[in-house]
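Per-entry structural report
What follows is the residue order along each chain.
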Amino acid sequence: MLIIVLLLLTGYVDFLHASVDCEAVALSDCLPSEFFPVPFPETEAEVDFVCLKLKVYVDCIRNYLEECGNEDASFEEQLKARYEKIDEVLNDVCEKESKLHIDFIGNIKCLKSSILSHNDSCYYKTEAVLKIYKQRFPEQTEHINKNGIYWDEYFCLFEAYDISCLAADAANRCGLQAKNIILEIVKRLNYLEYSCSEEARVELMNLIETLNFEVQDKIQLKEIFNIFN
């Protein structure tokens, strides 16, 4: 998991999780293999090149979903809405006159460093936070069931902390503006709404102060969850 548009810009499209067979086929069939993966861009010219390819890719997925259809009409609408948001944010990242584009270009080299170093920077921190959560509920989490409430909370905590760690690392490396770019994209994509149920978010917000997290970890998690409240 990482922020979808920034991941798209790195070319690591495999991180996009297909929710249904229709979406999985679209992600595969629409992918222009001769262009992906591409290096994370470092210049505006490279961003222009990547943006052009990504717009074609996202448009292809949206058209595919329109034609494919799904038995669950409500879920189909959610899926289409997700890609509408991706398209909107991607256009804003790529539009030269937009503030998001200008800020992104101004921080692009440092953001690249933060994103490509994400696993090294955040993996062990995320594991430590998840371990503390599991210690709080040892019996329930010993064999976490993917259909159970503790799995929902566990996965939500993983996603939320992973994002918060990336944002914090970007702030440390690049400054507050880089962090705000990440948080803006996360918010506009409603990212946690796809990986965290409302019940899991509320429960984790209530648990943060009772768990033995580092003070900075608590601050980061609250900031992420408050974005979606």
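The name given to the chain in an unreviewed UniProt entry is Secreted protein, and the organism recorded there is Nephila pilipes.

The next point concerns the packing of aromatic side chains. All chains considered together, the criterion is met by five aromatic pairs. In textbook terms, an aromatic cluster arises when at least three aromatic residues are bridged by ring pairs, as seen for Tyr 133, Trp 151, Tyr 154, Phe 155 and Phe 158.

A grouping of Asp 152, Glu 193, Glu 198 and Glu 199 is seen on the molecular surface, where their side chains present a negatively charged patch. Counting through the fold element by element, Asp 152 comes out in helix α9 (residues 149-174). In this structure Asp 152 comes out as partly exposed when scored by relative accessible area, which is 31%.

So, on to the pattern of salt bridges. Overall, the coordinates contain 11 salt bridges when judged by the stated rule. Between Arg 188 and Glu 184 there is a salt bridge, and its shortest N-O distance comes to 3.2 Å. Here the residue Arg 188 and the residue Glu 184 both occupy positions in helix α10 (residues 176-188), the gap between them amounting to four residues, near one helical turn. For Arg 188, a relative accessible area of 29% translates into the label partly exposed. Among the ionic contacts, a cluster of salt bridges with common partners joins Glu 44, Asp 48 and Lys 96.

About the thresholds
Residues numbered from 1 in each chain as written. Predicted model: local features only at pLDDT ≥ 70, side-chain atom pairs only at ≥ 80, totals over all residues. Heavy atoms only, no water. Phe/Tyr/Trp six-rings, centres within 6.5 Å; stacked < 30°, edge-to-face > 60°. Patch = residues over 30% accessible without salt bridge, like charges linked within 9 Å, V, L, I, M, F, W, Y side chains within 5 Å. Areas by Shrake-Rupley, 256 points an atom, 1.4 Å probe, with all protein chains shown as cover. Salt bridge = Lys/Arg side-chain N within 4 Å of Asp/Glu carboxyl O. Lys, Arg positive; Asp, Glu negative; His and termini not counted. Charge placed at Lys NZ, Arg CZ, Asp CG, Glu CD. Helix = DSSP H or I, 4+ residues; strand = E, 2+ residues; numbered from the N terminus. Buried < 20%, exposed > 50% of the residue type's maximum accessible area, 1.4 Å probe, protein only.

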